[in-house]
Amino acid sequence: MDTQLDLWEVFIQSKAGSHHVHAGSVHASDEAMALQNARDIYTRRNEGSSLWVVPAKYITASSSADADMLFDPANDKIYRHPTFYIMPEGAKQI
Amino acid sequence: MTKQEALYKYVLRLGDHALIQGHRLSEWCSKGPILEEDLALTNLALDNIGRAQALLKYAAELQGLGNTEDDLAYKRGEREFYNSLMSELPTGDFAFTIAKQMLISVFEYFQFTALSHSADETIAGIAAKTLKEVRYHMMHARDWCYRLGKGTEESNRRLQNAINELWMFTGDLFEMNDEDKMLEVLDIAIDLNEIKTQFDTLVQTILRESDIRIPENGYMQTGSKKGIHTEHLGHVLTEMQYLQRAYPDATW
């Protein structure tokens, strides 16, 4: 029997304005416990300013068997990268 | 007793309580019910030991004998420690640890809220920092009280037993002595009678919401403010101070 409680995926925002980035997972029986466990495991060294926890069962993942079909066609579409623009003077990124 | 001596004893007491509570929590390291809770309990331990370090450092300054916080932590005997009796009790089962942490966190929450307005700036500063940590400890322990109390018949029974056993150690938290009275007049220390009502109300609410019966106020243990302890503190110190006792002033 699995006694490890439900699995939750943890996303951390390192500072206000930036994306929440996947950090790992925790086991927990409810939302409050999931947040506390995520805080205790993943933000001990000042990593975060905001946390999301999502029940892992609600994440739909693409199948690795489909990876060829899904992702390979993008390999040779170099024109989709914005590398053909001339950078305006002074702009650090576009 | 001068003001300086009273302040030393007062700060020492706050530091000792955090040190012994931190040590007891650290005993859960690698023994938690699940990995996540193992880390949570050792995080609480580290918060306590950090607080103990700040307070004992300040106590050592006030003592003025050139001691460090480590000297105070590792080179005093049982009768020279002033931590609360509750903090030194063995960890027991998980429910006992949670019940103890809940009672201590609720007490500390009101204690450090009041102390953050202390006329002594160092105490006020440490209290303000501690308060953030203690709010989390209180939430974590309270949520576990809900889960255990409303969980299975066994988890409810274990939490109820823990609360019943711990109840006679709650009185000791609120005892005051000459240091308290002397420093309270100067707005440095706080009147523990004032936070007793807040403590009772919040603890009763948490226990009621956890389906736990509130024990009768019967016989209360006493003594920590005089350095009189249960038989358990000696065992804590034996382990905690082993290295310094066996190899005095060892460095590495």
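Please refer to the structure placed before this passage.
Residues numbered from 1 in each chain as written. Chains lettered and ligands numbered in written order. Predicted model: local features only at pLDDT ≥ 70, side-chain atom pairs only at ≥ 80, totals over all residues. Heavy atoms only, no water.

Caption draft 1: Inspection of the nonpolar core at higher detail. Residue and element names in this part refer to chain B. By size, the foremost hydrophobic cluster in this structure holds 86 residues, and its most contacted members are Met102 and Leu103. Residue contributions to this core peak at 13 residues, all from helix H5 (residues 94-115). Filtering out sequence-adjacent residues up to four positions away, Leu103 remains in contact with Met86, Ile163, Leu166, Trp167, Thr170, Phe199 and Val203. (Core = buried A, V, L, I, M, F, W, Y, C linked by side-chain atoms within 4.5 Å. Buried < 20%, exposed > 50% of the residue type's maximum accessible area, 1.4 Å probe, protein only. Helix = DSSP H or I, 4+ residues; strand = E, 2+ residues; numbered from the N terminus. Contact = heavy atoms within 4.5 Å.)

Caption draft 2: Region of interest: the interface of chain A and chain B. Contacts between chain A and chain B engage 13 residues on the former and 13 residues on the latter. For the pairing of chain A and chain B, the buried interface totals around 1,200 Å² over both sides, and the portion due to carbon and sulfur atoms is 49%. It is Gln36(A), Asp40(A) and Arg44(A) in chain A that bury the most area against chain B; as a group they hold 42% of the surface buried on that side. In this structure, Asp30(A) engages Arg147(B) in a salt bridge whose closest nitrogen and oxygen atoms are separated by 2.8 Å. One can count eight residue pairs in polar contact (both at pLDDT 80 or more) joining chain A with chain B. Those elements that provide at least two residues to the side of chain A that touches chain B are strand S2 (20-28) and helix H1 (31-42) of chain A. At seven residues, H1(A) tops the list of elements feeding residues into the side of chain A that touches chain B. (Buried area = accessible area lost by both parts, 1.4 Å probe. Salt bridge = Lys/Arg side-chain N within 4 Å of Asp/Glu carboxyl O. Polar contact = N/O pair within 3.5 Å; in protein donor to acceptor, adjacent residues only side chain to side chain.)

Caption draft 3: Region of the structure containing the sheet that holds strand S1 (residues 6-13) of chain A. All names here are of chain A. What the three strands build is an open sheet, ordered S2-S1-S3; its pairing is antiparallel. Of all the strands in the sheet, the pair left with one neighbour each is S2 and strand S3 (50-55). Put simply, the sheet's adjacent strands are angled 30 degrees from each other on average, direction ignored. Alignment of S1 against S3, held across six bridges, turns out to be antiparallel. The residue of S3 that forms the bridge with Ile12 is Leu51. Packing of H1 onto the sheet brings it into contact with S1, S2 and S3, and relative to S2 it is tilted by some 115 degrees. (Pairing = 2+ DSSP bridges. Axes fitted to C-alpha atoms, helices over the stretch in contact; angles between N-to-C directions.)

Caption draft 4: Layout of the side chain of Glu9(A). Residues and elements named next belong to chain A. The topology assignment puts Glu9 in strand S1. As a buried residue without a salt bridge, Glu9 has its nearest oppositely charged side chain in Lys57, at a separation of 13 Å. Excluding its chain neighbours within four sequence positions, the residues that come into contact with Glu9 are His22, Gly24, Ser25, Trp52, Val53, Val54, Ala56 and Ile59. (Lys, Arg positive; Asp, Glu negative; His and termini not counted.)

Caption draft 5: View of the side chain of Ser118(B). All names here are of chain B. Structurally, Ser118 is set in the loop between H5 and helix H6 (121-149). Residue classification places Ser118 among the buried residues on the basis of a relative accessible area of 9%. A polar contact of 3.0 Å, which involves the side chain of Ser118, links it to the backbone nitrogen of Asp120. Among the polar contacts made by the side chain of Ser118, one reaches the main-chain carbonyl oxygen of Ile188 at a distance of 2.9 Å. Beyond its immediate sequence surroundings of up to four residues, Ser118 is in contact with Ile123, Ala124, Asp187 and Ile188.

Caption draft 6: Structural context of the layout of surface pockets. Each pocket or cavity is described by its volume, and for the largest pocket that value is around 250 Å³. Lining the largest pocket are Arg39(A), Asp40(A), Thr43(A), Arg44(A), Asn46(A), Gly48(A), Asn43(B), Asp47(B) and Glu133(B). Looking at the lining of the largest pocket, the elements with two or more residues in it are H1 of chain A together with helix H2 (35-63) of chain B. Tallied by class, residues from the lining of the largest pocket come to no nonpolar, four polar and five charged. (1 Å grid on protein atoms, 1.4 Å probe; cavity = no way out; pocket = protein on both sides within 12 Å on 5 of 7 lines; lining within 4 Å. Points joined across faces, edges and corners; volume = space filled by probe spheres on them. Nonpolar A, V, L, I, M, F, W, Y, C, P; charged D, E, K, R; others polar.)

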